[in-house]
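# Chains, contacts and geometry: an overview
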Amino acid sequence: MSLDSHDATADGSGELLPGGSRRVAGASSGGGLRQSNGLKHLLLVVLAWIGIILLVKLLETDYPFRVTQLATMAYYLPAIAGLTVLTGINGQISLGHGALMAVGAYTTSVLLDRQELPFIVVVLLSVLTASLVGLLVGIAAARLHGPYLAGATLALAVGVPGIAIYYRELFGGDQGLRVSPPSSPAWFESLTGDLGRGYITVLGWALALSVLFFLSNLVNSRYGRQWRAVRDDEVAASLLGINLGRSRVLAFVVSAGCAGVGGTLLAVVTRLTAPLSFTIVLSLFLLTAIVLGGLGSLLGAVLGAALLTFLPTFLSNQALSAGLDNSQAANLAPLVFGLVLVAVMLVAPRGLVGTTRTAYYTRKAHKRQAAQAKHAGRA
Amino acid sequence: MQQFLNVSFTGFTLGAIYAAFALCLVLIFRATRIINFAQGAQAAFTTYLAFEMIDRGLSYWLAVPLAIVAGFVLGGLIERVIIRRVEKGPEINAVIVTLGLFVAIEALIGILFSQNQQGFPAPFGLQGFTIGDTVIALTGNDRFRIVAVAVAAIMLLALFRFTHVGLRMRAAAFGQEVAQLLGIRVGRMLTLGWALAGAFGALAGILIAGGGFISPSYMQGVVIFAFVAAVLGGLDSFTGAVVGGLVLGLTQSYVQSYIDVNLVNIAALALLLGVLVIRPGGLFSASVARKV
């Protein structure tokens, strides 16, 4: 039997457990060992990036708002991808990823303000800081589960903005810090021509796609398999010699680092880092995105980021043209997100990607069975 | 000394409110093993209902019971229509559903009522009193809050301990299948649990609003810290919820007065992590059986 049919049976048994998000990611990532897809993924990522550059060039003069929206999607994407790995693959919920984004954003803002380090070093340092905070939280989190973990990370989400206000001189208090984004280097401009503010979008996508590439390899590696094992059955995993605590902490650190990249991009895209950008609502929206896309799926993370970026503006435009006032229109997006979140969990807990994939594999399996039956009949 | 006393009273009042909400969360958690993150949003919704009624000329003492009834109905409806379908699934699904409700209800308030802050009437004075030379900053409204929360909590606990319905609810929470075999309508008991929590939350929401301002998100902070308090106490224990609430309220009040107001939230985080690292199940958790 091929690997595909193994996937199909895993999906089939998933059907027996309606609402089983445990199975979701298991099904999406396949059961058995896989050949390395590194080169294929690298090619995909490079192609996607070239696509983004072309898109930015196309939209830059006539639709600057679309280019900004693409940049917004670029800063959501790493955080969402990191969260989906943590929650979907490793089974730990975090309601505090907005706070980890804040750590990355503030590190970037402070370092960029000094204008001493090249941008890439700033990014790496931001990732490092976010990962360190992630390490601290992760060590506590590794001992907690379900609602206890949700509580601890929720406290993180509401606690961190307060620190920024407390250290006023360093972090700018309520007003926040202004950020001067990096300008495009000459060699890059000679390749692409002047992109204007679109450069930040292109830069953002380069980082976001790198994070996706990194994660896609990681979840198919030894570590990814360990994380899934820990999620699915703690006892079996520890009998196989997996250190549960270490595996969980590592997942949290990686996920926090990704959120740090998201924070860095948020800072350079919005050009402002202020406590109000990192409310609990941001953390909840990140969670919404991974659920809608499909827990544990990186493709789902991309879809989730797109929904999070484009749906609110679309909805509030619709609402304004339908005659609602401004504050009502602004509330429409959270209302729809909330209701959709509930509906997805009730009807299709695997999210967009998981549900589609299951339907595809089920159909394929049925077809193969039919073909086999026909074959057997002839023989 | 006087300052210390007043800071303690403020912390105690705050703690009583956290405790009230923590009790709601524990009530629901014991029955269905679900944390209801929407509890605060539900309470905000019923508080807005009360506000609208008072605004249209209804007496405070009539509007509040009506809002509590609304909270009862809302809580029951949410359990029966939505939560019932995710009760059996993985923990994480239920968490996500209640978070979705939390976001949706808050947005709904913004659309139906007003996005702006509005003053909510207080039934009693906002002045402290003096004993000898000492000014005690415990206002009439604070005393009303503490007494109302205490009375409601005692009534709730009495319902659980001394009535037939309470016994059935405890049985349903303790062992669903056994309770079912003994002829208890388990589903109904769960709905009742959510409804009671909704009613109690509605009361607490109105008490918090009294003398202050309300906005669609005014309950966010409260419900988050109530949750922290419940986790501190161990989620499973009513005593734990009350103790957790009071400890958290006092801690926050001391941090606010003696260190800095902006560190209040991070102090809550530090307290929670500190307790959970030592006792991962909270202060009052029963010992957990080993898995292997």
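Small disclaimer: the values here were computed from a predicted structure and weren't measured. (Residues numbered from 1 in each chain as written. Chains lettered and ligands numbered in written order. Predicted model: local features only at pLDDT ≥ 70, side-chain atom pairs only at ≥ 80, totals over all residues.)

## A short note on the overall build of chain B
Helix and strand content of chain B: eleven helices and four strands. In terms of C-alpha radius of gyration, chain B reaches 19 Å, essentially the compact-globule figure of 19 Å for 292 residues. Along the three orthogonal principal directions, the C-alpha set of chain B runs to about 65 × 50 × 35 Å. For chain B, the proportion of its 292 residues judged to be buried stands at 50%. (Helix = DSSP H or I, 4+ residues; strand = E, 2+ residues; numbered from the N terminus. Rg over C-alpha atoms; globule rule 2.2 N^0.38 Å. Buried ≥ 20, exposed ≤ 12 C-beta atoms within 10 Å, placed from the backbone.)

## A short note on the overall build of chain A
Assigned secondary structure in chain A consists of 17 helices and two strands. Burial statistics for chain A: of 379 residues in total, 52% are counted as buried. Nonlocal contacts in chain A, meaning residues at least 24 apart in sequence, comprise 79% of its contacts between residues at least 6 apart. (Contact = placed C-beta atoms within 7 Å.)

## Side note on the packing of helix α5 (residues 97-114) of chain A against helix α7 (residues 146-166) of chain A
Residues and elements named next belong to chain A. The geometry of α5 relative to α7 is characterised by a closest axis approach of 8 Å and an angle of 25 degrees between their N-to-C directions. By the angle between their axes, α5 is roughly parallel relative to α7. Touching Gly98, Ala99, Ala102, Val103 and Tyr106 of α5 are Leu156, Ala157, Val160, Pro161 and Ala164, all from α7. Taken together, the residues of the contact of α5 with α7 sort by class into nine nonpolar, one polar and no charged. (Axes fitted to C-alpha atoms, helices over the stretch in contact; angles between N-to-C directions. Parallel < 35°, antiparallel > 145°, perpendicular 65-115°, else oblique. Nonpolar A, V, L, I, M, F, W, Y, C, P; charged D, E, K, R; others polar.)

## Considering the confidence of the model for chain A
Averaged over every residue, the pLDDT of chain A is 84; residues scoring 70 or more account for 90%. The low-confidence segment residues 1-32 of chain A, where pLDDT is below 50, has 68 contacts with residues more than four positions distant or belonging to other chains. (pLDDT = per-residue confidence, 0-100.)

## What about the interface of chain A and chain B?
Contacts between the two partners involve 41 residues from chain A and, on the opposite side, 44 residues from chain B. Broken down by secondary-structure element, the contributors of at least two residues to the side of chain A that touches chain B are α2 (21-29), α7, α14 (280-293) and α16 (326-347) of chain A. The dominant element in the side of chain A that touches chain B, judged by the number of residues it contributes, is α7 of chain A, at 15 residues. Tallied by class, the residues present in the side of chain A that touches chain B amount to 28 nonpolar, eleven polar and two charged.

## A few points about helix α10 (residues 198-219) of chain A
If you check α10 of chain A, its first and last C-alpha atoms are 31 Å apart, about what 22 residues at 1.5 Å a residue would give, namely 32 Å. The element α10 of chain A is largely enclosed, with a buried count of 16 among its 22 residues. (Expected span 1.5 Å × (residues − 1).)

## Brief notes about the environment of Leu203 of chain A
With respect to the helices, strands and loops of the structure, Leu203 of chain A is situated in helix α10. Once the C-alpha coordinates of Leu203 of chain A and Val235 of chain A are considered, the two residues, 32 residues apart in sequence, prove to be 44 Å apart.

## A word on unusual backbone geometry
Residues and elements named next belong to chain A. The phi torsion at Gln115 lies on the positive side, around 55 degrees, for a residue other than glycine. Assignment of secondary structure puts Gln115 in the loop between α5 and α6 (119-141). The exposure class assigned to Gln115 is exposed, which follows from the 7 C-beta atoms found within 10 Å.

## Observations concerning the confidence of the model for chain B
Per-residue pLDDT for chain B has a mean of 86; in total, 95% of the residues score no lower than 70. Both confidence scores are given for the complex: pTM 0.83, ipTM 0.84.

## So, the environment of Val340 of chain A
All names here are of chain A. Structurally, Val340 can be placed in helix α16. Note on Val340: 17 C-beta atoms within 10 Å, which makes it partly exposed. As a C-alpha pair, Val340 and Thr288 span 52 residues in sequence and 8.9 Å in three-dimensional space.

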